[in-house]
Amino acid sequence: MRALRAALDADGHVTVDALLPPAAVVRLRSRLDRVLARKYETGVFPDEAYYRPGATLPNVPRHVVNAWKCDRQIASIATSAHLASVAAEIFGWDSLRLAVDTVWVKPPGSLPIDFHREFEYFRSLAPPDVASCWIALDPVDPTNGALEFASGSHRWADPEPHLLQRLFAEHQGRDAVAAVGDALGERTLLRTVACEAGGCTFFHGRVWHGSGPNTSPNSRWAYGIHWIRGDAELGDAPATYLFGRYKLAGSKTLHESFFPLVWSAGGRRSAWVDAFLAGGPLGG
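No experiment lies behind these values; they were computed from the predicted model shown.

Draft legend 1. Main features of the side chain of Lys106. In this fold, Lys106 is placed in strand β4 (residues 95-106). A polar atom in the side chain of Lys106 sits 3.3 Å from the backbone oxygen of Leu111. Apart from the residues within four sequence positions on either side, Lys106 is in contact with Leu111, Pro112, Ile113, Gly145, Ser211, Gly212, Pro213, Asn214, Asn218, Ser219 and Arg220.

Draft legend 2. Spotlight on the pattern of salt bridges. Scanning all chains against the criterion turns up 17 salt bridges. The closest approach of N and O atoms between Asp47 and Lys69, which form a salt bridge, is 3.1 Å. Of this pair, Asp47 sits in the loop between α2 (22-36) and β2 (48-50) while Lys69 sits in the loop between β3 (62-65) and α3 (72-78); the two residues are 22 residues apart in sequence, bridging distant segments of the chain. Neither Asp47 nor Lys69 differs from the other in exposure class; each is buried. Measuring nitrogen to oxygen at the nearest pair gives 2.7 Å for the salt bridge that ties Glu256 to Arg268. Of this pair, Glu256 sits in the loop between β13 (233-234) and β14 (261-264) while Arg268 sits in the loop between β14 and α7 (271-277), and the two are 12 residues apart along the sequence. In this structure, a network of salt bridges that share partners links the residues Arg117, Glu120, Arg123, Asp158 and Arg206.

Draft legend 3. Inspection of the packing of aromatic side chains at higher detail. Evaluation of the coordinates by the stated rule reveals 12 aromatic pairs. Ring plane angle 35 degrees and centroid distance 4.8 Å describe the contact between Tyr246 and Phe258, whose orientation is recorded as tilted. Taken together, the residues span a long stretch of sequence, with Tyr246 in the loop between β13 and β14 and Phe258 in the loop between β13 and β14 at a distance of 12 residues. Among the residues examined, Tyr246 registers a relative accessible area of 17% and is labelled buried. Overall, Phe258 belongs to the partly exposed group, its relative accessible area being 29%. One aromatic cluster is present, built from ring pairs that chain together Phe122, Phe243, Tyr246, Phe258 and Phe259. In this structure, Arg206 is placed above the aromatic ring of Phe119, and the distance from its NZ or CZ to the ring centre is 3.8 Å.

About the criteria used
- Residues numbered from 1 in each chain as written.
- Predicted model: local features only at pLDDT ≥ 70, side-chain atom pairs only at ≥ 80, totals over all residues.
- Heavy atoms only, no water.
- Helix = DSSP H or I, 4+ residues; strand = E, 2+ residues; numbered from the N terminus.
- Polar contact = N/O pair within 3.5 Å; in protein donor to acceptor, adjacent residues only side chain to side chain.
- Contact = heavy atoms within 4.5 Å.
- Salt bridge = Lys/Arg side-chain N within 4 Å of Asp/Glu carboxyl O.
- Buried < 20%, exposed > 50% of the residue type's maximum accessible area, 1.4 Å probe, protein only.
- Phe/Tyr/Trp six-rings, centres within 6.5 Å; stacked < 30°, edge-to-face > 60°.
- Lys NZ or Arg CZ within 6 Å of the ring centre and 35° of its normal.

Take a look at the structure:
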């Protein structure tokens, strides 16, 4: 684990091969396929679903947010204490809460995903730290839309919003993040992840990343888990993105019914999670 943490510190990302067993990969992909077909085992809808069967263009990426709420087998991966413990070792955290999951399916011919930082979606939090895990559900390589990183960019300064808007209006894809690096006086080193199904790429919330086009004849499936620190709460600024939907009146607390504690060094975990996985209600 020491080598993995060193790689994360240096590059902002590190890949662990075959962390998810083959049977779990098959099961997860099957259950995600059901969610994309709008078949929700729990009866709960995802927070976001950028895909309509029969209506979405065939080459547009399918994207779902918080699929774990729809299906208990998906939730068993999102709330996995084992995966969270690996992340804790790599990131050096003593507790993790599940913030959100993301599903990305890139059909043949789909376009790239623009470079971005997960940190931007977590600015409402104090601290705004986010640890992510991108799970390959197919073998990934440069031909089918593999994940790409600007290695070391988690150490770059935060660009001014107006500068980002201008640069991303003037440039696209890799050129856009390279332009950001140039504007900050940083050298941009792009690296592409290649791994088999079940490989897990852990990455820092501030590292710039995206993915290339899928030029292969097959779809490329991936599942992402995003954790926040166990002691995270809402900051002073107005809550945005998903966090504003779950703000409690008069409180900055992130309630465990929505953002469960999935691992802690002391062994505590939100009590309702295992009961939910066994058939109980979402949120306890």
